[in-house]
Amino acid sequence: MSPVPSSPEASASGVLRRKPRTLALLATATLLAMALWFSGSAVVPQLTAEWTLTGGEQSWMTMSVQIGFVAGAVLSASLTVADRISGSVLFAASALAGAVVNAAVVVAPGPAFAIACRFLTGMALAGVYPPGMKLVATWCKEDRGEGIGLLVGALTVGSALPHLLNAVPVVGGTGGLPPWRSVILIASGLAVGAAGIAFFFVGEGPYLRSASGFHWRHAGEGLRNEPPRLANIGYLGHMWELYAMWTWVPIVLLTSYEAAGWSEQWARVAGFSVIAVGGISCYLAGTLADRVGRTCITAWSLGVSGGCALVAGLFFQMPGVLTVVCLVWGFAVVADSAQFSAAVSELTDPRYVGTALTVQTSLGYLLTLVTLRAVPPLVDAWGWAGTFPLLAVGPAVGLWSMLRLRGLPEATQMASGNR
């Protein structure tokens, strides 16, 4: 007697048994690969001492990654690379490429070459984060918000890792700041590990569907229609604040601790913690948003993070209080991140979701350049107490847009009807 062929449902059920293990490995790979993002920013104090960086050059150590990411995302989407190459293979190849160009920073004779390497690192990371999101979507359906929240949480902790590497003596040196080349090389080594995990152990799930790809003629679709436009405005308000906070708060903490005579090593641990704590909030927000609504979670997050931006600089002379405020800020500032993308995907014509998300991401990362570059001269003129409130403008605008979106009938298209 020939065996009875299994049904598609039974086959999918069998594959889904691997879901927890696969998502855990994907999150681990994302965490390790994203250590590349801030590996240059974390060692800005050492680079400033060695190369006498100006405030603008300090900003460019992060801004170059942002621009590279946008360039890589648009190029990848326009060539539909994610549809032509397996997600795990693309993730692995991009993480490996990022590790190589990031490691090249250690032989840089000066800031110009290092900034060019950081740009290429950003381009490579465009093949890590978006394909990672797509891989999550192939494994998650009703719990997609939770799955994406897990991935963004891993991204957040990974982005914080260079600050931890800059704080622990394992990278060399027992006093003061550690050798910056060690921090860079370890971050690249972690990305190589991420490539291995993705290539050998991460596969696509049963919900694999072809993405819509990128179409220039539809690029403005998410901006012309009010519901996705409001979700995009919320995202832009979030991005106005996020990367400036992640870049400059660890440096503020280090300066504050030094001025008070506190341990520099603990200042670097605090810098790691204020970013890494967002990993917890991303996962929590992802699970809650599917139940209580995306506008509810994003509005809460924007309100709290904007409030922290208003007051954080007032506590520069009190490093203990400053640390607590920044931990709350770090928890709130990224909690809403994944929900803006989820909202746009739910409010946009399914045929053009790929284009809509590419436009959203590109505009958001380009906007980060404004605040990243504006902070150093404003600090010189106004100090941190006068500069940080500028970052609250973004959350204020984003909060307005999400509350406006909440009142529209189209808001029931999100999170299974939960506004």
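Residues numbered from 1 in each chain as written. Predicted model: local features only at pLDDT ≥ 70, side-chain atom pairs only at ≥ 80, totals over all residues. Heavy atoms only, no water.

> What's the story with the packing of helix α13 (residues 226-259) against helix α17 (residues 319-333) in this structure? I'm lost.
Relative orientation and spacing of two packed helices are given, respectively, by the angle between their axes and the distance between those axes. Contact geometry for α13 and α17: axes closest at 11 Å, N-to-C directions at 160°. Taken together, the axes of α13 and α17 lie roughly antiparallel to each other. Like other packed secondary-structure pairs, α13 and α17 cross with a definite hand, here left-handed. Only Pro319, Leu322, Thr323, Cys326, Trp329, Gly330 and Val333 of α17 make contact with α13, whose side of the interface consists of His238, Glu241, Leu242, Met245, Trp246, Val249, Val252, Leu253, Ser256 and Tyr257. Its residues placed into classes, the contact of α13 with α17 shows twelve nonpolar, four polar and one charged. (Axes fitted to C-alpha atoms, helices over the stretch in contact; angles between N-to-C directions. Helix = DSSP H or I, 4+ residues; strand = E, 2+ residues; numbered from the N terminus. Parallel < 35°, antiparallel > 145°, perpendicular 65-115°, else oblique. Left-handed = near helix turned anticlockwise from the far one by under 90°. Contact = heavy atoms within 4.5 Å. Nonpolar A, V, L, I, M, F, W, Y, C, P; charged D, E, K, R; others polar.)

> Before we go on, may I ask you to explain unusual backbone geometry in this structure?
One can expect most non-glycine residues to show negative phi and most peptide bonds to be in trans. Of note in the backbone geometry, Thr52 takes a positive phi value of approximately 55° without being a glycine. As for its placement among the helices and strands, Thr52 is situated in the loop between α4 (44-51) and α5 (55-78). For Thr52, a relative accessible area of 61% gives the class exposed. (Buried < 20%, exposed > 50% of the residue type's maximum accessible area, 1.4 Å probe, protein only.)

> Can you help me understand the packing of aromatic side chains in this one?
Given two aromatic rings, their pairing is described by the distance between the two centres and the angle made by the two planes. Inspection of the entire model under this criterion finds 16 aromatic pairs. With 6.0 Å between their ring centres and 80° between their planes, Phe38 and Trp246 make a pair best called edge-to-face. Here Trp246 lies in helix α13 and Phe38 lies in the loop between α2 (19-33) and α3 (39-42), a separation of 208 residues in the sequence. An aromatic cluster of three or more residues is present, and its members are Trp37, Phe38, Phe69, Tyr243, Trp246 and Tyr365. (Phe/Tyr/Trp six-rings, centres within 6.5 Å; stacked < 30°, edge-to-face > 60°.)

> Sorry, what's going on with α4 here?
Residue pairs spaced three or four apart in an α-helix point in one direction, given the helix's 3.6 residues per turn. When we look at burial in α4, the residues that qualify are Val44, Gln46, Leu47 and Trp51. Viewed end-on, α4 has its buried residues packed into an arc of 155°, placing them on one side of the element. Just beyond α4, the residue with positive phi is Thr52, at close to 55°. (Arc of directions from axis to C-beta.)

> Whenever I open this one, the packing of helix α10 (residues 144-165) against helix α11 (residues 180-201) confuses me. Can you help?
Packing of α10 against α11 leaves a shortest axis separation of 10 Å and a crossing angle of 145°. Crossing of α10 over α11 shows right-handed handedness. For the pair α10 and α11, contact is made by Leu161, Pro162 and Leu165 and by Val183, Ile186, Ala187 and Leu190, respectively. Tallied by class, residues from the contact of α10 with α11 come to seven nonpolar, no polar and no charged.

> Sorry, what's going on with a nonpolar patch on the surface here?
Side chains of Ile85, Val89, Phe199, Phe200 and Phe201 sit close together on the surface and give an oily, nonpolar patch of about 490 Å² of accessible area. The leading source of residues in the nonpolar patch is α11, at three residues. The residue Val89 is located in helix α7 (residues 87-103) in this model. (Patch = residues over 30% accessible without salt bridge, like charges linked within 9 Å, V, L, I, M, F, W, Y side chains within 5 Å. Areas by Shrake-Rupley, 256 points an atom, 1.4 Å probe, with all protein chains shown as cover. Salt bridge = Lys/Arg side-chain N within 4 Å of Asp/Glu carboxyl O.)

In short, geometric facts, not functional conclusions.
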